[in-house]
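The primary structure of each chain is shown beneath.
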Amino acid sequence: MSDDLLIAKINHGFDHLDADGDGLLTERDHVLMGHSVARSLGHQEGSEAEAVIVRAYLTIWHDLHLAGLPTGTEAITRAQFVASTGSLADDPEAARASIGALAEAFLAVADADRSGTVDAGEFFVFQRGHFVGLSRDDSDEAFRHLDRDRDGTLSAAEFTSAIIEFWTSRDPGAPGNWWTGKPPHAF
């Protein structure tokens with residue numbers, strides 16, 4: 001299959017990870033994403049709950065994005081991000097290790113009621129913190145695609161699979177393509 005869909009998804013993801021819009025992925029972007037998600041989840045500025053979320057995003061920056069890069073790296077360009085993330089499509093073990101760790105960090109934030117699953121409401125509130133302008137209708141439609149067993153929640157496995165598929169699958173029919181609330185043809 002063509003890499004066009006995969007590259008489009010990675011670029012779409014980068015656009016939202018680059019929270020300050022400067023064309024680089026940096027620690028500051030992760031702090032800004034943490035603040036945005038905390039606000040979306042209803043946490044007050046300066047609260048401990050916000051600090052926990054920001055720390056989770058900083059862990060993603062340090063342990064996932066900077067891992068394997070030269071010491072002193074302070075930014076990742078779009079081209080570097082597309083190349084490194086795209087390479088995971090051909091290395092399922094590395095994808096599961098790195099993106100799986102990202103999914104675990106995201107799940108800990110998204111699962112607001114600590115049930116071990118994410119319902120449609122939690123999914124929307126969490127995703128809205130990343131994808132400003134995401135409508136509830138688009139989120140609910142995406143959720144239906146990601147909820148593979150149709151039980152009304154995303155289990156940890158479904159949540160993780162969705163994220164891994166979004167970042168690595170070349171298959172236009174993969175449910176994970178809906179991770180950002182947009183159907184694959186919208187990228």
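Residues numbered from 1 in each chain as written. Predicted model: local features only at pLDDT ≥ 70, side-chain atom pairs only at ≥ 80, totals over all residues. Heavy atoms only, no water.

(A) Representation of the overall build of the protein in the model. A count of helical and extended segments in the protein gives eight helices and four strands. Helices and strands in the protein line up, N terminus first, as α-β-α-α-β-α-α-β-α-α-β-α. Over its C-alpha trace the protein gives a radius of gyration of 15 Å, about what one expects of a compact globule, namely 16 Å for 187 residues. With the C-alpha coordinates of the protein rotated into their principal frame, the extents come out at 45 × 40 × 30 Å. When burial is assessed residue by residue, the protein has 45% of its 187 residues classed as buried. For the protein, the separation between the mean place of its 14 positive charges and that of its 31 negative charges on side chains is 3 Å. (Helix = DSSP H or I, 4+ residues; strand = E, 2+ residues; numbered from the N terminus. Rg over C-alpha atoms; globule rule 2.2 N^0.38 Å. Buried < 20%, exposed > 50% of the residue type's maximum accessible area, 1.4 Å probe, protein only. Lys, Arg positive; Asp, Glu negative; His and termini not counted. Charge placed at Lys NZ, Arg CZ, Asp CG, Glu CD.)

(B) Layout of helix α4 (residues 78-87). When we look at burial in α4, the residues that qualify are Phe81, Val82, Thr85 and Gly86. Buried residues along α4 cover an arc of 115° about the axis, so they all sit on one side. α4 presents Ala79 and Ala83 as exposed residues on the side facing more than 90 degrees away from its buried surface. (Arc of directions from axis to C-beta.)

(C) Focus on the nonpolar core. Phe106, Phe126, Phe159, Ile163, Trp167 and Trp179 are the most contacted members of the largest nonpolar core, which totals 45 residues. Of all the secondary-structure elements, those providing two or more residues to this core are α1 (4-17), α2 (27-40), α3 (48-65), α4, α5 (92-110), α6 (120-130), α7 (136-146) and α8 (156-168). Considering every element that reaches this core, the biggest residue donor is α5, with nine residues. Residues in contact with phenylalanine 126, not counting those within four places in the same chain, are Val37, Leu41, Tyr57, Phe106, Val109, Ala110, Phe159 and Trp179. (Core = buried A, V, L, I, M, F, W, Y, C linked by side-chain atoms within 4.5 Å. Contact = heavy atoms within 4.5 Å.)

(D) Fine view of the packing of α5 against α6. Two elements in contact, α5 and α6, have axes separated by 10 Å at closest approach and are oriented at 115°. For α5 against α6, the interelement crossing comes out right-handed. Residue-level inspection shows Phe106, Val109 and Ala110 of α5 in contact with α6, the latter providing Glu122, Phe126 and His130. Among the residues forming the contact of α5 with α6, the class breakdown is four nonpolar, one polar and one charged. (Axes fitted to C-alpha atoms, helices over the stretch in contact; angles between N-to-C directions. Left-handed = near helix turned anticlockwise from the far one by under 90°. Nonpolar A, V, L, I, M, F, W, Y, C, P; charged D, E, K, R; others polar.)

(E) Looking closely at the layout of surface pockets. What the largest pocket holds in volume is close to 560 Å³. What lines the largest pocket is a set of 30 residues, among which Leu64, His65, Phe81, Ser84 and Thr85 lie closest to the centre. Broken down by secondary-structure element, the contributors of at least two residues to the lining of the largest pocket are α1, α2, α3, α4, α5, α6 and α8. Broken down by class, the residue content of the lining of the largest pocket amounts to 17 nonpolar, twelve polar and one charged. What the second largest pocket holds in volume is close to 190 Å³. Lining the second largest pocket we find Leu41, His43, Ala49, Val52, Ile53, Ala56, Ala105, Ala108, Val109, Ala112 and Arg114. Every element with two or more residues in the lining of the second largest pocket is listed here: α3 and α5. Grouping the constituent residues of the lining of the second largest pocket by class yields nine nonpolar, one polar and one charged. (1 Å grid on protein atoms, 1.4 Å probe; cavity = no way out; pocket = protein on both sides within 12 Å on 5 of 7 lines; lining within 4 Å. Points joined across faces, edges and corners; volume = space filled by probe spheres on them.)

(F) Layout of the side chain of aspartate 18. Inspection of the secondary structure assignment puts aspartate 18 in the loop between α1 and β1 (24-26). In this structure aspartate 18 is buried but unpaired, with arginine 78 as the nearest side chain of opposite charge at 5.6 Å. At 3.3 Å, the side chain of aspartate 18 forms a polar contact with the backbone nitrogen of aspartate 22. Apart from the residues lying within four places of it in its own chain, the contact partners of aspartate 18 are Gly23, Leu24, Leu25 and Asp29. (Salt bridge = Lys/Arg side-chain N within 4 Å of Asp/Glu carboxyl O. Polar contact = N/O pair within 3.5 Å; in protein donor to acceptor, adjacent residues only side chain to side chain.)

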